[in-house]
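Report on the structure
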Amino acid sequence: QVQLVESGGGLVQAGGSLRLSCAASGSSFSIDYMGWYRQAPGNERELVARITSGGTTTYADSVKGRFTISRDNAKNTVYLQMNSLKPEDTAVYYCNVVAWHKVLFTSHAYWGQGTQVTVSS
């Protein structure tokens, strides 16, 4: 139905920047929301940022002013620009998509494979 492919993770020094990408593919679907979650060792998975098809955005308080979420509807791709990175941003970042199946008339959440972001001090 929907497949997600993430890219852009890596190792960066504190104060540096990274951009994550997540491309959605499939058939007979319409995307309602696209977002990013992260999970650090020993912690629960938490919402980082989310964007609707219309462009409405939501950010975690810890990343406001540093991270920017955006999407390219033509490419079915969501991006997360991460600036002024801190060691506490170190985590596995997961792409999340909520999509409506146009044939089955059902809504489902889909997850990417996760990409590691490591910020050194």
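Throughout what follows, the structure given in this document is the object of discussion. Everything numeric here is computed off the predicted structure, so don't read it as measured data.

How two aromatic rings sit relative to each other is given by the distance of their centres and the angle of their planes. Scanning all chains against the criterion turns up one aromatic pair. Their ring planes at 65 degrees and their centres at 5.1 Å tell us that Y37 and W111 sit as a pair that is edge-to-face. Residue Y37 is located in strand β4 (residues 29-39), and its partner W111 is located in strand β10 (residues 106-111); the two are separated by 74 residues in the primary sequence. The class of Y37 is buried, set by a relative accessible area of 18%. Across from the ring centre of Y94, 3.8 Å away, lies the NZ or CZ of R45, which sits over that ring. Residue placement shows R50 over the ring face of Y33; its charged tip is 5.2 Å from the ring centre.

The full count for this structure, using the stated rule, is four salt bridges. With a shortest N-O distance of 3.0 Å, R38 and D89 are connected by a salt bridge. Highlighted residues: R38 in strand β4 and D89 in the loop between β8 (77-82) and β9 (91-101), separated in sequence by 51 residues. The pair formed by R38 and D89 is uniform in burial state, with each residue classed as buried. Where D61 meets K64, a salt bridge forms, and the shortest distance between an N and an O atom there is 3.1 Å. Through salt bridges that share partners, R38, E46, R66 and D89 make up one connected network.

Rules behind the numbers
Residues numbered from 1 in each chain as written. Predicted model: local features only at pLDDT ≥ 70, side-chain atom pairs only at ≥ 80, totals over all residues. Heavy atoms only, no water. Phe/Tyr/Trp six-rings, centres within 6.5 Å; stacked < 30°, edge-to-face > 60°. Helix = DSSP H or I, 4+ residues; strand = E, 2+ residues; numbered from the N terminus. Buried < 20%, exposed > 50% of the residue type's maximum accessible area, 1.4 Å probe, protein only. Lys NZ or Arg CZ within 6 Å of the ring centre and 35° of its normal. Salt bridge = Lys/Arg side-chain N within 4 Å of Asp/Glu carboxyl O.

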